[in-house]
Amino acid sequence: MTTPTTPPETPGTPAPILEVRGVQKIYQGKQRNVEAVRDLTFSIAAGEMTCIVGPSGAGKTTLLKCVAGLLDTTAGEIVLEGERVTGPPRGMAVVFQEYGRSLFPWLTVRQNVELPLKEKNLPKADRESLVDEALAAVGLADVHGAHPWQLSGGMQQRVAIARAVAYEPHVLLMDEPFAAVDAQTRGELEDLVRALWKRLGVTVLFVTHDIDEAVYLGQRVIVLSMSPTVVLADVAVDLPEQRDQLHTRSLPRFAELRAKVYELIQQSKRGVRPGSGDEHEQPGTAVAADTQSGSM
Amino acid sequence: MTAALGLLGLLGFVGILELVPRIGLVDPRFLPPFSEMVAALGGEVGTPEFWAALGSTVRGWAIGLAIAVAAGVVLGMVIGSIPLLRAATTSTIEFLRPIPSVALIPLAVLLYGPSPQSTLLLVVYASFWQVLVQVLYGVQDVDPVARETARSYRFSAWTQVRRVTWPTTLPYVMTGFRLAAAVALILEITGELVIGSPGLGKQIAVAQSSGAVDTMYALVIVTGVFGVLVNLVARMLERRSLHWHPSVRGEVPR
Amino acid sequence: MSVGSVARRTMLTVGLPVVLVTAWWFATANSTNFFWPPLREILEAFADTWFSNRIMADVVPSLVRLLVGYVLALVLGIGLGVAIGSSRTLRGVVEPVLEFFRAIPPPVLVPILILFAGIGNEMKVLVIVSGCLWPVLLNTVEGVRGLDEVLRDTARCYGLGRRSQLTHLVLRGASPQIAVGARQALSIGIILMVISEMFAASNGVGFTIIQFQRTFAIPEMWSGIILLGLIGITLAFLFRLVESRALAWYRGLRMTQRGEG
Ligand SMILES: Nc1ncnc2c1ncn2[C@@H]1O[C@H](COP(=O)(O)OP(=O)(O)OP(=O)(O)O)[C@@H](O)[C@H]1O
Ligand SMILES: [Mg+2]
C-alpha cells in the first residue's frame, strides 16, 4: 500500500530506494503522550547494508515499524521505491527480534516459509523451489516438517530469515534479530546475513544495539540519540568488503570504528544531541565519522 | 473509558429489551418490556416468598460448594501425593467425570423427593469433579526440586504438604473453586427447576406455569445477577491467590 | 516397553474400575431393596430397554438435537467472538452484557424458550444453542484478544489478506482458547439436552428416564442413568480425540515452554 510521489532523482548518484524524511512518532497514551522519535531524516541507496544503533529505548523498533508500514508516523514521510508508505508495502520483509513469537507455531517450518508466497499467488512449483532454496541457504534443508518450537532459538531465527529471503523482498528490515541467541550462533547468523545480502543484492536495514555487530555487518552505521530521537551521526564503515569473524574483528580499523561508534553511543546516553548549528546530513551521503565526532 | 463503554452497552441492551416488545417486534406476552420486568421484580422483592426462595438457593449453593471443595481438596491432595494411588485412580476419574450430573436427577428424586437434599446431591456431584481435577493438576505441578529438597531435609509428610505441596496447589484450588462455583449455581437452579426443591428455580417454574411471564423474567434476571456476583468474587479470589504465584496459568487445555 | 510394564499399566488402568463394578455386583446381588436392584437386573434391563427400537425413537433424536444445537452454537459463538474480539470498542460495549448472559444458569432458558418455540424440537435445539453459545463466544473473544502482537505484525507485513489472516492467524491462534469454551459448552449442552426433555417432550433419553422414574421402573431407570453416563463419556472421548489432533501443536509448544521454565 503505497501512494506515488515524484521520485527525487539526481543524476550521478544511485537513486535512494528508501527515504525517511522528518519522521516523528508520538505514541498517544491514556495519561500521557510519548514522543519516541522526534525528527529522523536519512536515506538508503539500493543494495546498501545499513546498521542502525542507538541506546535501549531510543526508538529503533518504532522507526522500523514505521518503515514497515505497521505504524503511522505522526509527522514526516517514508518513501519506498518512489512511493509513500501508508501500510505494509509489497517489496519489504521484516525479521523481528522475537523469533519465538514471529513464527506461526501451528505451521511447520516449511509452511511458515511458504505461507507468504501462497499469498502472493505464486504457482506451486515456484513456491516449492523458493522454499527449498531459502531453507537450504540458511542451512535448514532437513527440518521442513518440524514445528518452530521444536527448534533451538538460533534455528528459529534462521527460519524467520529463510521466510524473509524466500519472499524476495527489495528491502529487508531486521530488528535486533540476534539479540536473544548465544554468541556462537550469533556470529554464524551475522555471516549468513552478509552472505545472503551479497548474493541477493537486497537492501538491508539492520537494527541492533550491539556496536561490534553494527560495525562488522554494515557499510554504514547510523547512530541515534536518546529518545526523543534524532540522527546523531552517520558513520561510513570503510572496512574491506570481504569480512570474516576472526580477521575483520582484529583489524585496527575495526577497532577504531568500534571505538568511534562506542564514543558516539556514550555521548548519546549522556543526552548529547546535534546542536542547532549542525546541518542535517545529506540524504544518501555518509558524513565521515571523524568530522562528525570532531564537532562534538 | 471501558467502564463508560460497558455502561453504554448495558443501557443499550436495556433499551432494546424495552423497545422490542413495545414496537411489536416480539409478542409482549413472550417478552414483556424491561420496565414491566422491573415492576414485577419490585413486587417480588416485597414478598417474603422471594426472600425465602433466594435464601434457599444461596444456602443450597453454598453448602454444596463447600462440601465439594472440601472433599475435592482433601481427596485431590491425598490421591495426588501418592503416585500409586494416582495411577490406579486416573482411569476411574476419567470415566466418572464426564457423566452428566443431571443423569442423577431421577435417582435423587427417588431417594429424597423434592427436597433440598436432592438438589444438594446434584450440586456436590457436579462441582466436586471441577475441584478434584484442578487439585490433581496442582499437585502434579509441584516443582520436583522443591519436593526433593523437602525430602532431603527430612521434612515430615505433613510439613511437606503444608510447605511444599499446598502453596503450589493453592492457585489451582482457586481455579477449581471458580469453576465449581459457577457449575454449582447451574445445578442448584436446575435441581430447583426440575425436581422442585425450594429456591429461585422453583419460583421460576411456578411463575411459568401460572403465566406470570414478567415475574419469570424478573427472577431470571435475579439468577443472572447472582451468577455475575459469584463469578466476580470467585475471579477476585483466584487473582489474589495468583498474585504471589509466578507461573502463568489459566484454564487451558493441557 | 517390557511385558512387565505393560501388564502393570493395564492393571492400574482397569484394576479399580473392575473392583468397583464387582463390588457393585456382589453388594446388590441379593438386594431386595426396591431402589437398589441387583446389577444383573439393571444390565438385563439395559439390553432390553435400549437395544430395541428405543435407540431410534429416543437416543438418536436426543443426540441429533444436541449435535445440531452444539454445532450452531460453535458457529455462532466463534463468528461473533472473532468480530467482538477484533474490535476494542465493540468489546468494551458488549462485554458486560455478555458476562451477564454467561452468568445466567442455562436451564432457566427452558421455560423462557418454551414461550417462544413451544415444546418441539426447535425449542430444545434453541435451548442448547443459547446455553452453549456463551462459553464459546466469551472464550473466542478472549482468544482473539490474546493473539500475539508480533504474529499479527508478521501477518500484516507479509501481506496476508483478510481471509488468510482469519484462517491462518486469528482462528488458529485463538483455537486453544476456543477449545476451552467448546469443552465447557459440551457439558452444558448435555445437561440442557436432558433438562429440556425432562421439562416437556414426547421422546428423548431425558424424557424416557423420567418416565421410568415416575412409573417406578427402577432397573430401567438405572439403565437410563448408565446410558447417560456412557453418552457423556463417549462424547468427552470424541472431543478429546478431535482436540488432541487439532491442537497437537499447542501441546508441543506448551511442553517445550514448560521444559524451559
Ligand atoms: N506502543 C507504545 N506505546 C507507548 N510508548 C511506546 C510504545 N512502544 C514504544 N514506546 C516507547 O517509545 C520509546 C521507544 O521504544 P522502542 O521500542 O522503539 O525502543 P528501542 O530503541 O527499540 O529499544 P530496545 O533497544 O530496548 O528495543 C520508549 O520510550 C518506549 O517506552
Ligand atoms: Mg526494540
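Residues numbered from 1 in each chain as written. Chains lettered and ligands numbered in written order. Predicted model: local features only at pLDDT ≥ 70, side-chain atom pairs only at ≥ 80, totals over all residues. Heavy atoms only, no water.

**Digging into the overall build of chain A**
The helix and strand inventory of chain A stands at 10 helices and 11 strands. Taking all 296 residues of chain A together, the buried fraction comes to 51%. Here the contacts in chain A between residues at least 6 apart in sequence split such that 71% fall between residues at least 24 apart. Summed over its atoms, the accessible surface of chain A is roughly 12600 Å², and 52% of this surface lies on carbon and sulfur atoms. (Helix = DSSP H or I, 4+ residues; strand = E, 2+ residues; numbered from the N terminus. Buried < 20%, exposed > 50% of the residue type's maximum accessible area, 1.4 Å probe, protein only. Contact = heavy atoms within 4.5 Å. Areas by Shrake-Rupley, 256 points an atom, 1.4 Å probe, with all protein chains shown as cover.)

**Notes on the arrangement of the chains**
Interchain contacts are distributed over two pairs of chains, and the most extensive set of them lies between chains B and C. When C-alpha atoms are compared, chain A and chain B, though not in contact, are closest at a spacing of 10 Å.

**Here's the deal with the pattern of salt bridges**
Residues and elements named next belong to chain A. Applying the stated rule across the entire model yields 34 salt bridges over all chains. Put simply, Arg 21 and Glu 77 hold a salt bridge, and the shortest N to O gap is 2.5 Å. One end of the pair, Arg 21, is in strand S2 (residues 16-28); the other, Glu 77, is in strand S5 (residues 75-80), and 56 residues separate them in sequence. For Arg 21, a relative accessible area of 27% gives the class partly exposed. (Salt bridge = Lys/Arg side-chain N within 4 Å of Asp/Glu carboxyl O.)

**Things to note about the interface of chain C and chain B**
With 57 residues of chain C in contact, the opposing surface of chain B contributes 58 residues. Of the roughly 4900 Å² buried between chain C and chain B, counting both surfaces, carbon and sulfur atoms make up 78%. For the pair chain C and chain B, the interface holds two salt bridges. For Arg240(C), the salt bridge is made with Glu94(B), and the minimal N-O distance between the two is 2.8 Å. Our count for the chain C to chain B interface comes out at four residue pairs in polar contact (both at pLDDT 80 or more). Secondary-structure elements contributing two or more residues to the side of chain C that touches chain B are helix H1 (3-28), helix H4 (88-103), helix H5 (109-117), helix H8 (162-199), helix H9 (205-214), helix H10 (218-246) and helix H11 (248-260) of chain C. In terms of residue count, the dominant contributor to the side of chain C that touches chain B is H10(C) (11 residues). Across the side of chain C that touches chain B, the residue classes break down as 41 nonpolar, seven polar and nine charged. (Buried area = accessible area lost by both parts, 1.4 Å probe. Polar contact = N/O pair within 3.5 Å; in protein donor to acceptor, adjacent residues only side chain to side chain. Nonpolar A, V, L, I, M, F, W, Y, C, P; charged D, E, K, R; others polar.)

**A short note on H1(C)**
In this model, H1(C) (26 residues) spans 36 Å end to end at C-alpha, consistent with the 38 Å of a helix rising 1.5 Å per residue. Listed as buried for H1(C) are Leu12(C), Gly15(C) and Thr28(C). Buried-residue contacts for H1(C) involve helix H4 (83-96) of chain B together with helix H2 (39-50) of chain C. (Expected span 1.5 Å × (residues − 1).)

**Some remarks on the interface of chain A and chain C**
Buried accessible area, meaning the area lost when the parts come together, often serves as the stated size of an interface. Counting residues at the interface gives 26 residues for chain A, matched by 22 residues for chain C. Here chain A packs against chain C, burying approximately 2200 Å² in sum over the two surfaces, 66% of which is carbon and sulfur. Sorting the residues of chain A by area buried against chain C places Arg101(A), Trp106(A) and Trp149(A) first, and these three jointly supply 34% of that buried surface. Counting across the interface, chain A meets chain C through two salt bridges. Between the two partners, chain A and chain C, sit seven residue pairs in polar contact (both at pLDDT 80 or more). Every element with two or more residues in the side of chain A that touches chain C is listed here: strand S7 (92-95), helix H2 (99-102), helix H3 (109-119) and helix H5 (153-166) of chain A. Counted by class, the side of chain A that touches chain C contains 17 nonpolar, three polar and six charged residues.

**What about the environment of Ala70(B)?**
With respect to the helices and strands, Ala70(B) occurs in helix H3 (residues 48-81). Put simply, Ala70(B) and Gln160(B) are 90 residues apart on the chain and 20 Å apart in space, counted from C-alpha to C-alpha.

**Re the site of ligand 1**
Residues and elements named next belong to chain A. Around ligand 1 lies a shell formed by Tyr 27, Ala 36, Ser 56, Gly 57, Ala 58, Gly 59, Lys 60, Thr 61, Thr 62 and Glu 176. Here an oxygen atom of ligand 1 sits 2.8 Å away from a polar atom, N or O, in the main chain of Gly 57. The contact in question runs from an oxygen atom of ligand 1 to an N or O atom on the side chain of Thr 62, over 2.5 Å. Here ligand 1 loses 60% of its free accessible area of 640 Å² to cover by the protein chains. Per-element accounting of the shell around ligand 1 gives the leading share, three residues, to helix H1 (residues 60-67). Looking at side-chain class alone, the shell around ligand 1 contains three nonpolar, five polar and two charged residues. (Near = heavy atom within 4 Å.)

**Comments concerning unusual backbone geometry**
All names here are of chain A. With a phi angle near 60 degrees, Asn 121 is a residue other than glycine that sits in the positive phi range. The residue Asn 121 is located in the loop between H3 and helix H4 (124-137) in this model. Phi is positive for Glu 168, which is not a glycine, with a value near 55 degrees. Its location among the elements puts Glu 168 in the loop between H5 and strand S8 (171-175).

**Brief notes about the nonpolar core**
Grouped together as the largest cluster of nonpolar side chains are 108 residues, with contacts concentrated most on Ile161(A), Leu173(A), Val221(A), Val223(A) and Val261(A). Apart from residues no more than four positions distant in its own chain, Val221(A) is found in contact with Cys51(A), Val53(A), Ala214(A), Val215(A), Ala233(A), Asp234(A), Val235(A), Val237(A) and Val261(A). With 106 residues, the next largest nonpolar core counts Tyr125(B), Met216(B), Phe226(B) and Met221(C) among its residues. (Core = buried A, V, L, I, M, F, W, Y, C linked by side-chain atoms within 4.5 Å.)

**Remarks on the packing of helix H8 (residues 157-194) of chain B against helix H9 (residues 200-209) of chain B**
The description of two packed helices rests on the angle between their axes and on the distance between the axes. Residues and elements named next belong to chain B. Relative to each other, H8 and H9 sit at 40 degrees, their axes nearing to 6 Å. Considered as vectors, H8 and H9 are oriented oblique to each other. Between H8 and H9 lies a crossing whose hand is right-handed. For the pair H8 and H9, the contacting residues are Ile 189, Glu 192 and Leu 193 in the first and Leu 200, Gly 201, Lys 202, Ile 204 and Ala 205 in the second. A class-by-class count of the residues in the contact of H8 with H9 yields five nonpolar, one polar and two charged. (Axes fitted to C-alpha atoms, helices over the stretch in contact; angles between N-to-C directions. Parallel < 35°, antiparallel > 145°, perpendicular 65-115°, else oblique. Left-handed = near helix turned anticlockwise from the far one by under 90°.)

**Let's talk about the state of the cysteines**
The tally for this structure, following the rule as stated, stands at zero disulfides over all chains. This cysteine, Cys51(A), is not joined by any disulfide, and Cys157(C) carries the nearest cysteine sulfur, 19 Å off. Under the relative-accessibility criterion, Cys51(A) is labelled buried at 0%. (Disulfide = S-S within 2.5 Å.)

**Digging into the pairing of S8(A)**
All names here are of chain A. Where burial is concerned, most of S8 is hidden: five out of the five residues are buried. What you see with S8 is no split at all: Val 171, Leu 173 and Asp 175 on one side and Leu 172 and Met 174 on the other are buried throughout. Here S7 runs beside S8; their pairing, made up of four bridges, is parallel. When the sheet's bridge partners are listed, Met 92 is paired in S8 with Val 171. Where S8 meets strand S9 (residues 203-208), five bridges bridge the pair, whose relative direction is parallel. By the bridge assignment, Val 171 is partnered in S9 with Thr 203. You can see the chain leave S8, run along helix H6 (residues 183-200) and come back into S9, and the turn it takes is right-handed. (Pairing = 2+ DSSP bridges. Right-handed = clockwise from strand over helix to strand, strands pointing away.)

Functional significance is not addressed by these values, which are geometric in nature.
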